[in-house]
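A look at the structure
Listed below, chain by chain, are the residues.
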Amino acid sequence: MDVDPRQYENITINDNDSHNIVLSYLIHGCFKDTVESLVASTGLKVPAVQLEDMEKRKRILHFALEGNALDAIALTEHVSPDLLENNKDLLFDLLSLHFVELICSRKCTEALEFAQAKLTPFGKDFMALLAYEEPEKSPMFHLLSFEYRQHVADSLNRAILAHANMPSYSALEKLIRQATVVRQCLSEELGKAFILKRVAVFSRDLFLTQLNSLGSVPV
């Protein structure tokens, strides 16, 4: 049955659906303490193996965010064998984090040797950073930022999840993407009632599909 989009605010959402969406986001982001609090307050179930997986990913992501890329690489190879061997771009990004950390620590000789041994084979030139006394003012300054480390950590997290046959994006992020697309469609087609109705149906169906897909994630 088609739903009038003007009536969406009158539709009741099951609490368990909301809890599962939030839970999937927390598990994806390795917020273990918050997951345990949510589970305790709602009665949701999370298998012990999933809590262990979260703790391992959390350690890996912490290493990456702190600039300890070599530790992140070592633990990733233990948790997800062959992942980095088959994802050279991700491996390069992690190695670049270590190179940048050496630059920031003013260990220029060690950074040069590391770049020649580990980065040059990838055919990407990062050594230009060595030419600047103040790397943070170079054209490649973004590589020194926390945002870059966060980007690499997020990519690594998604890759590890995909390697374990888990969703690489949380249900909440997918719903936000869906809402963004729907809002754009509504804006572009404002005043066209039949288009509005089609978008509303699409939004509803996609939302229900996303909720159903949560059943494939052990929560």
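All values reported here derive from a predicted model rather than from experimental measurement. (Residues numbered from 1 in each chain as written. Predicted model: local features only at pLDDT ≥ 70, side-chain atom pairs only at ≥ 80, totals over all residues. Heavy atoms only, no water.)

When helices and strands are counted, the protein chain shows 9 helices and 0 strands. Starting at the N terminus and ending at the C terminus, the protein chain contains elements arranged as α-α-α-α-α-α-α-α-α. For the protein chain, the residues scored as buried account for 36% of the 219 residues in total. Put simply, of all contacts in the protein chain between residues at least 6 apart along the chain, 58% involve residues at least 24 apart. (Helix = DSSP H or I, 4+ residues; strand = E, 2+ residues; numbered from the N terminus. Buried < 20%, exposed > 50% of the residue type's maximum accessible area, 1.4 Å probe, protein only. Contact = heavy atoms within 4.5 Å.)

Summary statistics for the protein chain give a mean pLDDT of 82 and a share of 80% for residues scoring 70 or more. Across the protein chain, the secondary-structure element scoring lowest on mean pLDDT is helix 9 (residues 193-213), at 57, and the one scoring highest is helix 4 (residues 69-79), at 96. In this model residues 215-219 is a low-confidence stretch, pLDDT under 50, and it forms 13 contacts with partners more than four residues away in sequence or in other chains. (pLDDT = per-residue confidence, 0-100.)

It is worth spelling out the side chain of N157 at this point. In this structure, N157 sits in helix 7 (residues 146-163). Assessed through its relative accessible area of 4%, N157 is described here as buried. Discounting chain neighbours no more than four positions away, the residues touching N157 are H28, C30, R57 and L61.

What follows deals with the pattern of salt bridges. As enumerated under the stated definition, the model contains 4 salt bridges in all. Here R57 ties to D53 by a salt bridge, and the two come within 3.0 Å at their closest N and O atoms. A residue pair is termed a helical-turn pair when its members lie 3 or 4 positions apart in one helix, as R57 and D53 do in helix 3 (residues 48-65) at 4 residues. (Salt bridge = Lys/Arg side-chain N within 4 Å of Asp/Glu carboxyl O.)

Further remarks concern the nonpolar core. Core analysis: the largest hydrophobic core is formed by 36 residues, its most contacted members being L94, L97, F99, L119, F126, L129 and L143. Elements with a minimum of two residues in this core: helix 3, helix 4, helix 5 (88-104), helix 6 (108-119) and helix 7. With 10 residues, the single largest contributor to this core is helix 5. Ignoring any residue separated from it by four or fewer positions in sequence, one finds L97 in contact with A64, G67, A69, Y148, R149 and V152. (Core = buried A, V, L, I, M, F, W, Y, C linked by side-chain atoms within 4.5 Å.)

Moving on, we come to the packing of helix 1 (residues 15-28) against helix 2 (residues 32-42). Close contact between helix 1 and helix 2 brings their axes to 9 Å; oriented N to C, the two are set at 160°. Between helix 1 and helix 2, the angle falls in the class roughly antiparallel. Seen along the crossing, helix 1 lies across helix 2 with a hand that is left-handed. Within the contact between the two elements, helix 1 uses H19, V22, L23, L26 and I27 and helix 2 uses T34, V35, L38, V39 and T42. (Axes fitted to C-alpha atoms, helices over the stretch in contact; angles between N-to-C directions. Parallel < 35°, antiparallel > 145°, perpendicular 65-115°, else oblique. Left-handed = near helix turned anticlockwise from the far one by under 90°.)

A word on unusual backbone geometry. Trans peptide bonds make up the majority, and among non-glycine residues the majority have a negative phi. Even without being glycine, D82 reaches a positive phi, approximately 75°. Here D82 lies in the loop between helix 4 and helix 5. Even without glycine at this site, R106 takes up a positive phi of about 60°.

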